[in-house]
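Secondary and tertiary structure notes
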Amino acid sequence: MTKQRIAVDMDEVIADSIARFQEWYLRDYNIELTLDQLQGKSAYQAVAPEHQPIIRDYVNREGFFRDLPIIKDSQEVLRALSERYELFIATAAMEFPNCFRDKYDWLQQHFPFISWPNYVFCGDKSILNADYLIDDNAYNFERFRGEGILFNAPHNIHETGYRRVHSWQEIGELLL
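The protein goes by 5'(3')-deoxyribonucleotidase in an unreviewed UniProt entry, where it is assigned to Hymenobacter defluvii.

Thoughts on the side chain of Thr91
Along the chain, the position of Thr91 falls in strand 2 (residues 86–91). The class of Thr91 is buried, set by a relative accessible area of 2%. A polar atom in the side chain of Thr91 sits 2.6 Å from the side chain of Lys103. Discounting chain neighbours no more than four positions away, the residues touching Thr91 are Asp9, Met10, Asp11, Lys103, Val120, Phe121, Cys122 and Lys125.

Considerations on the pattern of salt bridges
One pass over the structure, following the stated rule, counts 13 salt bridges. Residues Arg20 and Asp67 are paired through a salt bridge, measuring 2.8 Å at the closest nitrogen-oxygen approach. In this pair, Arg20 is assigned in helix 1 (residues 17–29) and Asp67 in the loop between helix 2 (52–57) and helix 3 (74–84), connecting sequence segments 47 residues apart. Look at Arg20 and you get buried, because its relative accessible area is 5%.

Concerning helix 5 (residues 168–175)
If you check which residues of helix 5 are buried, you get Trp168, Ile171, Gly172 and Leu175. The arc that holds the buried residues of helix 5, viewed along the axis, is 100 degrees, so those residues lie on one side. In this fold, the buried residues of helix 5 make contact with strand 1 (5–8), helix 3, strand 4 (132–135), strand 5 (147–151) and strand 6 (163–165). Where helix 5 starts, the residue carrying a side-chain oxygen 3.4 Å from the main-chain nitrogen of Gln169 turns out to be Ser167.

A word on helix 1
The end-to-end C-alpha distance of helix 1, which contains 13 residues, comes to 18 Å, matching closely the 18 Å that a straight helix rising 1.5 Å per residue would cover. The secondary structure elements touched by the buried residues of helix 1 are helix 2. Residue Asp16 occupies the N-cap position of helix 1, its side-chain oxygen lying 3.3 Å from the main-chain nitrogen of Ile18.

A look at the packing of helix 3 against helix 5
Between helix 3 and helix 5, whose axes approach to 9 Å, the crossing angle comes to 20 degrees. The angle between helix 3 and helix 5 places the two elements in the roughly parallel class. Along this stretch, helix 3 crosses helix 5, giving a crossing that reads as left-handed. Residues Ser74, Val77, Leu78, Leu81 and Arg84 of helix 3 form the contact with helix 5, whose participating residues are Trp168, Gln169, Ile171, Gly172 and Leu175.

Observations concerning the sheet that holds strand 3 (residues 119–121)
Taken in spatial order, the 6 strands make up an open sheet running 3-2-1-4-5-6, and their pairing is parallel. Strands at the two margins of the open sheet, each flanked by one partner only, are strand 3 and strand 6. Recorded for the sheet is a direction-independent mean angle of 25 degrees between the axes of neighbouring strands. Seen against the sheet, helix 4 (residues 100–110) touches strand 2 and strand 3 and runs at an angle of roughly 165 degrees to strand 3.

Examining the environment of Leu176
Structurally, Leu176 is set in the segment after helix 5. Separated by 96 residues in the primary sequence, Leu176 and Ala80 place their C-alpha atoms 7.9 Å from one another.

Comments concerning the side chain of Asp102
Examined against the element boundaries, Asp102 turns out to sit in helix 4. Engagement of the side chain of Asp102 in a polar contact is seen with the side chain of Arg66, the distance being 3.4 Å. The contact partners of Asp102, leaving out residues within four places of it in the chain, are Glu62, Gly63, Phe64, Phe65 and Arg66.

Remarks on unusual backbone geometry
The residue Glu12 is not glycine, and still its phi comes out positive at about 70 degrees. Within the element layout of this structure, Glu12 appears in the loop between strand 1 and helix 1. Positive phi is not limited to glycine here, since Asn30 has a value of about 55 degrees. Within the secondary structure, Asn30 is located in the loop between helix 1 and helix 2.

Conventions we followed
- Residues numbered from 1 in each chain as written.
- Predicted model: local features only at pLDDT ≥ 70, side-chain atom pairs only at ≥ 80, totals over all residues.
- Heavy atoms only, no water.
- Helix = DSSP H or I, 4+ residues; strand = E, 2+ residues; numbered from the N terminus.
- Buried < 20%, exposed > 50% of the residue type's maximum accessible area, 1.4 Å probe, protein only.
- Polar contact = N/O pair within 3.5 Å; in protein donor to acceptor, adjacent residues only side chain to side chain.
- Contact = heavy atoms within 4.5 Å.
- Salt bridge = Lys/Arg side-chain N within 4 Å of Asp/Glu carboxyl O.
- Arc of directions from axis to C-beta.
- Expected span 1.5 Å × (residues − 1).
- Axes fitted to C-alpha atoms, helices over the stretch in contact; angles between N-to-C directions.
- Parallel < 35°, antiparallel > 145°, perpendicular 65-115°, else oblique.
- Left-handed = near helix turned anticlockwise from the far one by under 90°.
- Pairing = 2+ DSSP bridges.

Have a look at this one:
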């Protein structure tokens, strides 16, 4: 019997990149960037206009993705899912070429039960051949042929039209 496939995005789904934006913005400007400020916005949209170029550039800097915090319960639920499904990590790394090594090393360290042949560094996620795509950006579902599952994040709070999950425990309930 063939297992169903699940493709899982990295940033804001299993890796907390918002925490890095908050950390670096506080470091560079001594200003706290709160989750409330990020509701319905990307990090650069939530800061003063004169800070936006620097914030936009963070993701292009070496080390931004290196040691991001892990989204709560993602390791445990993905390990359980890996027993029933074929798992792929699908990250739009083409947009930020400096992130490849950091993301690869991060996955090896935190998700060793997902082997490297199941890492997909891509641009357009419509190329994915999976039954489910768990992602925080709804635009990735537009041409995806499987079911998109929107992982809740501050920037996507106003997004409708897709099944939304708020935690990895909720994903476990849905797919296990």
